[in-house]
Amino acid sequence: MSHFIQLHLLTAYPPANLNRDDLGRPKTAIMGGAKRLRVSSQSLKRTWRTSALFEDAVGQHRGMRTKQVGVQAEKRLQEKGVKDKDARAWATEIAKVFGDVAKGELETSQLVHIGPEEQAAVDALVEKLAHENRAPEKEDLDLLRHKPSAVDIALFGRMLAASPAFNVEAACQVAHAVTVHAAEVEDDYFTAVDDLNTGDEHRGAAHVGEAGFGAGLFYSYVCIDRQQLIENLNGDEALADRAIAALAEAAVKTSPKGKQNSFGSRAHASYVLAEKGDQQPRSLAPAFLRPVAGQDQTLDAITRLERQARAFDEAYGAGADQRFVVAADPDYREPQLSGGVLKGSLSELVEFLNRDH
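Residues numbered from 1 in each chain as written. Predicted model: local features only at pLDDT ≥ 70, side-chain atom pairs only at ≥ 80, totals over all residues. Heavy atoms only, no water.

A. Local environment of the overall build of the chain. Helix and strand counts for the chain come out as 11 helices and 12 strands. The C-alpha extent of the chain, read off along each of the three principal axes, is 75 × 70 × 35 Å. Per-residue burial for the chain yields a buried fraction of 50% across its 357 residues. If you take every contact in the chain between residues at least 6 apart in sequence, the share linking residues at least 24 apart comes to 72%. As displayed, the chain offers around 17700 Å² of accessible surface, 47% of which is attributable to carbon and sulfur atoms. (Helix = DSSP H or I, 4+ residues; strand = E, 2+ residues; numbered from the N terminus. Buried < 20%, exposed > 50% of the residue type's maximum accessible area, 1.4 Å probe, protein only. Contact = heavy atoms within 4.5 Å. Areas by Shrake-Rupley, 256 points an atom, 1.4 Å probe, with all protein chains shown as cover.)

B. Focus on the packing of helix α4 (residues 84-98) against helix α5 (residues 116-132). Following both chains from N to C, one finds α4 and α5 inclined at 160°, their axes separated by 11 Å at the closest point. Classed by the angle they form, the pair α4 and α5 counts as roughly antiparallel. In the crossing of α4 with α5, the sense of the turn from one axis to the other is right-handed. Each of Trp90, Ile94 and Phe98 in α4 lies in contact with α5, whose residues at this interface are Val122, Leu125, Val126 and Leu129. Residues that form the contact of α4 with α5 fall into these classes: seven nonpolar, no polar and no charged. (Axes fitted to C-alpha atoms, helices over the stretch in contact; angles between N-to-C directions. Parallel < 35°, antiparallel > 145°, perpendicular 65-115°, else oblique. Left-handed = near helix turned anticlockwise from the far one by under 90°. Nonpolar A, V, L, I, M, F, W, Y, C, P; charged D, E, K, R; others polar.)

C. Highlighting the layout of surface pockets. The volume enclosed by the largest pocket comes to roughly 300 Å³. Lys45, Arg65, His113, Phe156 and Gly157 are the residues nearest the centre of the largest pocket, which is lined by 13 residues in total. At the level of elements, α1 (41-49) and β5 (112-114) are the ones that each hand at least two residues to the lining of the largest pocket. No other element matches the four residues that α1 contributes to the lining of the largest pocket. For the lining of the largest pocket, the per-class residue count stands at four nonpolar, four polar and five charged. (1 Å grid on protein atoms, 1.4 Å probe; cavity = no way out; pocket = protein on both sides within 12 Å on 5 of 7 lines; lining within 4 Å. Points joined across faces, edges and corners; volume = space filled by probe spheres on them.)

D. View of the packing of aromatic side chains. What the rule picks out here adds up to six aromatic pairs. Aromatic side chains Tyr219 and Phe288 sit 5.5 Å apart centroid to centroid with 50° between the ring planes, which places their arrangement in the tilted category. Within this pair, whereas Tyr219 is found in strand β9 (residues 207-225), its partner Phe288 is found in the loop between β10 (271-277) and α10 (297-316), the two being separated by 69 residues in sequence. The same class applies to Tyr219 as to Phe288, namely buried. Above the face of the Phe352 ring, Lys276 is positioned so that its terminal group lies 4.6 Å from the ring centre. (Phe/Tyr/Trp six-rings, centres within 6.5 Å; stacked < 30°, edge-to-face > 60°. Lys NZ or Arg CZ within 6 Å of the ring centre and 35° of its normal.)

E. Examining α10 more closely. End to end, α10 covers 28 Å across 20 residues, agreeing with the expected 28 Å (1.5 Å per residue, within 8%). Regarding α10, the residues found buried are Thr298, Leu299, Ala301, Ile302, Arg304, Leu305, Glu306, Gln308, Ala309, Phe312 and Asp313. Close packing links the buried residues of α10 with β1 (4-16), β9, β10 and β11 (322-327). Just beyond α10, the residue with positive phi is Gly317, at close to 95°. (Expected span 1.5 Å × (residues − 1).)

F. Representation of a positive patch on the surface. On the surface, Arg46, Arg65, Lys257 and Arg266 cluster together into a positively charged patch. Within the element layout of this structure, Arg266 appears in the loop between α9 (260-263) and β10. Given a relative accessible area of 63%, Arg266 falls into the exposed group. (Patch = residues over 30% accessible without salt bridge, like charges linked within 9 Å, V, L, I, M, F, W, Y side chains within 5 Å. Salt bridge = Lys/Arg side-chain N within 4 Å of Asp/Glu carboxyl O. Lys, Arg positive; Asp, Glu negative; His and termini not counted. Charge placed at Lys NZ, Arg CZ, Asp CG, Glu CD.)

The analysis is restricted to geometry; functional conclusions fall outside its scope.
Put into structure tokens, the structure is as follows:
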């Protein structure tokens, strides 16, 4: 059984502002001495785990990231007829299970990723307290689980500063996506017109604005420790396979949501290289230390990426036991990689990822 699964993706985004910095402009990074556009790993992971594709694939095995466990508990207690003062006090005790709570507040100081069993335990306790009209006792507050069945928690992990015993080690590492070529942030100067302005008094715009954007071909890297994922899911291999399939499809098909209404920059990956094996994982980002230039950037980037994989193989031994390529570039022909490489569709890729030979 392969220990590691690695995904290398090339995705072309037309003009967009998918992931903004503190000034509202597209994020960037310097790599190989050239400025690149960047999409953070946090943005990518949220995009994938909240996508309809991911939700449909994993069903109820999905967590929720929130500060409002106590807020929602108070609301439900009040709806069940508990006095406001008691509802606030009892909900505060529930919230404290998940993190620090400032005096007079119900929100936890940090976002908490909770699993479906933990939310169910909170709901059951709310019902119990309302029915018995009493405050929670110590034994009632055993709400956390060491290994919840939420696949997004199993994949991306969680940290509970107030209860570190219930931390979950991430089974998946996600790199920041960067353009394979040099790129600059550009400015979109735009205006809006008042529909009721007849132009009799003035013909000026009702609003003038400016927004940063950029376009490019991004390299993304994902590494999944399959054994860690199975362990995080209490040994449920079938659920781990569903999680891997869901993540792969979401990574290939979904785009970050930033400014999509303004730019409509939705993209599927143009190229995916999947690798399975027990070898030490490694990114293929060095292929793009020298920025890709020219008019045929996708094919040039694919060539660079496959050459880098071959170079690592020649220097350090085979980087994977098995490889699979999905290519959506109409001019791409056959993989130029070491060893036997399969090529096919996304559905065949999913079968490959969850199949042992």
